[in-house]
Amino acid sequence: MENKLRNTNLNNKIHSGKVRDIYSLDENLLLFVATDRISAFDVIMNEVVPSKGIILNNLSAFWFNQLENTKTHFVSKGENFDFSKYTNFQDLDKKILHRSTVVKKAKRIDMECVVRGYITGSAWVEYKNKGTMNEMSLPEGILEAQRFEKPIFTPSTKASEGHDEPLSSQAGKKLIGDKLYEQLEEISIDLYIKAHDFCENKGIILADTKFEFGIIDNEIILIDEVLTPDSSRFWKKDDYSEGNSPNPYDKQFLRDWLNQQDWNKTPPPPSIPNEVINNTLGRYLEIYELLTNDKLNI
Ligand SMILES: Nc1ncnc2c1ncn2[C@@H]1O[C@H](COP(=O)(O)OP(=O)(O)O)[C@@H](O)[C@H]1O
Ligand SMILES: [Mg+2]
């Protein structure tokens, strides 16, 4: 039976993001519901990827549990949380619970903390056109998908509308302040290295990823989703080679298809064939299973 969820409509909704619907449980806690919506180039597609929200919800929860020395917003998966105190959230449907996480409310820092271990995606496009990445000059002769000597922090704006733009370190520091910028750079690179090592042991390359952070009680907290195929690029070690366009186990599969269409990346998006939807879902599920050794009942 196909399991699809595009929108949710519970009480106390405070925000609908491109993928998640967010509810206020009380003054400190949020209920995060990952729907099956999918966005690409910051545009939400008309189609959903059935069960994607379940995969993202469980994979993020898996990582939050792995990253035990990091301060995160994670409290509990929805299915393990006791909602009895929360009158607006009694008897939640399984369909919602499987896609939900209870998290601590944070004051979001409006910068996307991207870390790249390999050159691909928009960074590869910028390098090919201008020889730079986030305005920083790179040496000549770098190949597509080549690994950097060290992972590089390439943050971008968190645009409330339209496209996120890459930030030079100077622009990033201007946006959030030098000290906070340097702290986020250090934490993000450290998290990337840990996650990259973990993936490598499973035969997977974590090419790049995006973290978000917030502040709770003056402390920097890892928020949002983490290390999912919506926010990261995953390749298989077995079919990776420098100089070639990698086979993506993440949202890049959809982006690649969209790049072949005659579309200017503003709404409305083109209709996505079932085959592309199913193939995307299959790739997300494969990454989930390889990383967690778990089978999802979807
Ligand atoms: N702990 C938190 N407190 C407050 N806001 C958060 C927290 N974690 C994530 N967020 C925000 O909630 C939203 C998650 O929904 P999502 O669909 O991913 O939105 P987006 O379209 O911005 O990617 C994002 O805007 C994210 O910055
Ligand atoms: Mg998001």
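Rules of the game
Within any chain, residue numbers begin from 1 and follow the written order of that chain's sequence. Chains and ligands are labelled sequentially in the order written, the chains with letters from A and the ligands with numbers from 1. Thresholds applied to this predicted model are a pLDDT of at least 70 for local features of residues and 80 or more for the giving and counting of side-chain atom pairs; totals over whole chains, interfaces and linings are not thresholded and use all residues. Segments assigned H or I by DSSP are reported as helices when at least four residues long, segments assigned E as strands when at least two residues long, and all are numbered from the N terminus. Backbone-placed C-beta atoms define the burial measure: a residue is buried with 20 or more other C-beta atoms within 10 Å of its own, exposed with 12 or fewer, and partly exposed in between. Residues are scored as being in contact if the C-beta atoms we place from backbone atoms lie within 7 Å. The term nonpolar core refers to a set of buried Ala, Val, Leu, Ile, Met, Phe, Trp, Tyr and Cys residues connected through C-beta atoms within 7 Å. By convention here, the domain bounds are inherited from an automatic or database domain assignment. Any residue that is not Ala, Val, Leu, Ile, Met, Phe, Trp, Tyr, Cys, Pro, Asp, Glu, Lys or Arg is counted as polar, Gly included; the first ten are nonpolar and the last four charged. Following DSSP output, two strands are said to pair if at least two bridges run between them. Fitted lines through C-alpha atoms give the axes, limited to the stretch in contact for helices. The angle between two N-to-C directions lies from 0 to 180 degrees.

### Thoughts on the overall build of the chain
Then, number 1: Summing up its helical and strand segments, the chain has seven helices and 16 strands in all.
Then, number 2: Along the three orthogonal principal directions, the C-alpha set of the chain runs to about 60 × 45 × 40 Å.
Then, number 3: Looking at the 298 residues of the chain, the share that counts as buried comes to 39%.
Then, number 4: Contacts in the chain between residues at least 24 apart in sequence constitute 66% of all its contacts with a sequence separation of at least 6.

### Here we look at the nonpolar core
Then, number 1: L31, C113, I205, L206, F213 and F234 are the most contacted members of the largest nonpolar core, which has 57 residues in total.
Then, number 2: For this core, the leading source of residues is helix α1 (residues 52-66), giving seven residues.
Then, number 3: Residue assignment places this core across two domains, with domain 1 (13-105) and domain 2 (108-252) each supplying three or more.
Then, number 4: Among all residues touching L31, those that are not within four sequence positions of it are Y23, L25, G78, F89, S100 and V102.
Then, number 5: Membership of the second largest hydrophobic core comes to five residues, among which are I38, A40, M45 and V49.

### A word on the environment of E144
Then, number 1: Within the fold, E144 resides in the loop between β11 (136-137) and β12 (147-153).
Then, number 2: With 92 residues separating them along the chain, E144 and K236 place their C-alpha atoms 16 Å apart.
Then, number 3: Excluding its chain neighbours within four sequence positions, the residues that come into contact with E144 are I119, T120, W124, G243, N244 and S245.

### Some thoughts on the domain arrangement of the chain
Then, number 1: Taken as a whole, the chain is organised into domain 1 (13-105) and domain 2 (108-252).
Then, number 2: Centre-to-centre separation of domain 1 and domain 2, based on C-alpha positions: 23 Å.
Then, number 3: Listed per partner, the contact involves 16 residues of domain 1 and 17 residues of domain 2.
Then, number 4: A total of six residues in the side of domain 1 that touches domain 2 trace back to one element, the largest contributor, which is α1.
Then, number 5: A class-by-class count of the residues in the side of domain 1 that touches domain 2 yields eight nonpolar, five polar and three charged.

### Some details on unusual backbone geometry
Then, number 1: With omega at 0 degrees, the peptide bond leading from P267 into P268 counts as cis.
Then, number 2: Positive phi, normally seen in glycine, also occurs at N12, with a value near 65 degrees.
Then, number 3: Residue placement: N12 occurs in the segment before β1 (13-16).
Then, number 4: A tally of 14 C-beta atoms within 10 Å means that N12 is categorised as partly exposed.
Then, number 5: Positive phi, normally seen in glycine, also occurs at S51, with a value near 75 degrees.
Then, number 6: For S51, the location among the structural elements is in the loop between β5 (43-48) and α1.

### Brief notes about the sheet that holds strand β2 (residues 20-24)
Think of a sheet as strands paired side by side through backbone hydrogen bonds, with each pair either parallel or antiparallel.
Then, number 1: Across the sheet, which stays open at both edges, the five strands sit in the order β1-β2-β3-β7-β6 with antiparallel pairing between neighbours. Pairing within the sheet leaves two strands with one partner each, and these edge strands are β1 and β6 (74-77). Going from strand to strand, the sheet's axes swing by 25 degrees on average, the running direction of each strand aside.
Then, number 2: Packing against the sheet, α1 makes contact with β3 (29-34), β6 and β7 (100-104), and its axis sits at approximately 45 degrees to β7.

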